[in-house]
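Chain and residue survey
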Amino acid sequence: MVEARLPAAEPARLDALDGLRGFAILAVVLFHAMFLDVSLLGAARPAPTDVYPTLALLGWCGVDVFFVLSGFLITGILLRSKGAPGYFRNFYARRALRIFPLYYLVVGLLLFVLDRPATTGAEKASYLLYYQNVRYALVGEGTFDMARLITWSLAIEEQFYLVWPTVVWLCSRRALAGVCIAVVGGALGLRLWLLDGGLHTTHFLTPCRLDTLAVGALLALRSPPPRWLGVALAWLGGGGLLAVARATGNPFPESIPMQRWGLLAALALAIGLLTLARQPGLVAAVCRFGPLRALGQVSYCVYLVHYLVVEQVAHGVQALPDGAKQAVAAALPPQAIAALLGLCCLCGSWLIAAISWRLVEAPILRLKRFFPSGG
């Protein structure tokens, strides 16, 4: 279950936030599963304007949902712990127990064990020290490997964790709200300024993505916005993403229009969904759906391993007998095949994550009892 800092009238632990995290990771997995080529089965590619490809290719916005949730949850934890003994020690110990074991296990496999594209010493250092996002933005991706590339968002969160506890410690609630508003404006302005200056990789840079984390933090300081505002922002954000994708023909976050306007729409969508998940209604009910909550609980591992699973699904499809491929291509339309491949990627990632949770993560997380977060 997810911890959150909420007003007294609202429970401090919301089941629906696990489900919202489940939705976010589902969107990300289906997005990367679209990189699978349905022609491997002899089927025609689905048209970019078809419903499923259009929605799945915007699944990268799940990362923005994660960012807003992180800002919300981490700020809540820090506010509850403020003034308690061991404020910094307990926070960083709990974060280390949650993040480091699985991260370094997977990254270690990617860098030193599995048969992956070779890396330089400088590239390895960037992964081990959590600054690969800066390297991607300013130097380039080096040896391209999507299974490693996806860790850029984890680097942003780690860099946020380094600074934010001190900010919360030093600021009153009112001052902290002002800091959040200033950070949101600064991040948006910096992103546009850098794009105009010719830097077209702003989506990797932490200062350019702090708007999502700061908005989440601001939501932790306030009572939930009115439900009508959550509905409006969710529709505005989702509609904005679709509009930018349709107008430009490019749904990917690397495109300049998506960095300029799509990230703002993704932020609105994330705010809307978090607002609705915190209040009675359809979104909260869906987010409390047991399987979606279970997926959210293991979403960290799913994120780390899902692209490896995408690759294995591609190898498995290629290895199918020609007769089986022809039968699938004849029986299902291209959209359905793409969705089926996405489901295979999700199930494979979920299975690995469930095993990891029981054998690796849950035993390590029991050590958190030695580092109480405050109450």
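Residues numbered from 1 in each chain as written. Predicted model: local features only at pLDDT ≥ 70, side-chain atom pairs only at ≥ 80, totals over all residues. Heavy atoms only, no water.

For the rest of this paragraph, the subject is the overall build of the chain. A tally of helices and strands in the chain yields 17 helices and zero strands. A compact globule built from 375 residues should have a C-alpha radius of gyration of about 21 Å, and the chain, at 21 Å, falls within 12% of that. Among the 375 residues that make up the chain, the fraction classed as buried is 53%. A separation of at least 24 residues holds for 79% of the contacts in the chain among residues at least 6 apart in sequence. Of the side-chain charges in the chain, 30 are positive and 19 negative, and the distance between the mean point of each set is 12 Å. (Helix = DSSP H or I, 4+ residues; strand = E, 2+ residues; numbered from the N terminus. Rg over C-alpha atoms; globule rule 2.2 N^0.38 Å. Buried < 20%, exposed > 50% of the residue type's maximum accessible area, 1.4 Å probe, protein only. Contact = heavy atoms within 4.5 Å. Lys, Arg positive; Asp, Glu negative; His and termini not counted. Charge placed at Lys NZ, Arg CZ, Asp CG, Glu CD.)

On to the environment of A265. Inspection of the secondary structure assignment puts A265 in helix α12 (residues 256–277). For A265 and V244, which are 21 residues apart along the polypeptide, the C-alpha to C-alpha distance reads 9.1 Å.

Further remarks concern the side chain of H32. As for its position among the elements, H32 is in helix α1 (residues 15–33). What H32 contacts, discounting residues up to four positions off in sequence, is M146, I150, H306, Y307 and V310.

This brings us to the confidence of the model for the chain. When pLDDT is averaged across the chain, the result is 92; 95% of the residues are at 70 or more. Ignoring residues within four places in sequence, the model shows residues 1–12, a span with pLDDT below 50, making 41 contacts including any to other chains. (pLDDT = per-residue confidence, 0-100.)

Our next topic: the side chain of S126. Its place among the elements puts S126 in helix α5 (residues 121–128). Given a relative accessible area of 1%, S126 falls into the buried group. There is a polar contact of 2.6 Å between the side chain of S126 and the backbone oxygen of E123. If near-sequence neighbours (up to four positions away) are discounted, S126 is found in contact with Y131, Q132 and R135. (Polar contact = N/O pair within 3.5 Å; in protein donor to acceptor, adjacent residues only side chain to side chain.)

On to the pattern of salt bridges. Pairing between side chains of opposite charge can happen when their charged atoms approach one another. All chains considered together, the criterion is met by eight salt bridges. Residues E361 and R98 are paired through a salt bridge, measuring 2.9 Å at the closest nitrogen-oxygen approach. Placement of the pair is E361 in helix α17 (residues 334–365) and R98 in helix α4 (residues 87–113), with a sequence separation of 263 residues. The exposure classification of E361 matches that of R98, with both residues buried. (Salt bridge = Lys/Arg side-chain N within 4 Å of Asp/Glu carboxyl O.)

In this section: the environment of G296. Mapped onto the elements of the fold, G296 is located in helix α14 (residues 290–297). Classification of G296 by relative accessible area gives buried; the value is 1%. Residues G296 and G22, 274 residues apart in the sequence, show an inter-C-alpha distance of 3.6 Å. Setting aside anything within four residues of it in sequence, one finds G296 in contact with D18, R21 and G22.

Attention shifts here to the packing of α1 against α17. Closest axis-to-axis distance for the α1/α17 pair is 9 Å, and the angle between their directions is 125°. By the angle between their axes, α1 is oblique relative to α17. The chirality of how α1 crosses α17 is right-handed. For the pair α1 and α17, contact is made by L26, V29, L30 and A33 and by G342, C345 and L346, respectively. Residues of the contact of α1 with α17, tallied by class, amount to six nonpolar, one polar and no charged. (Axes fitted to C-alpha atoms, helices over the stretch in contact; angles between N-to-C directions. Parallel < 35°, antiparallel > 145°, perpendicular 65-115°, else oblique. Left-handed = near helix turned anticlockwise from the far one by under 90°. Nonpolar A, V, L, I, M, F, W, Y, C, P; charged D, E, K, R; others polar.)

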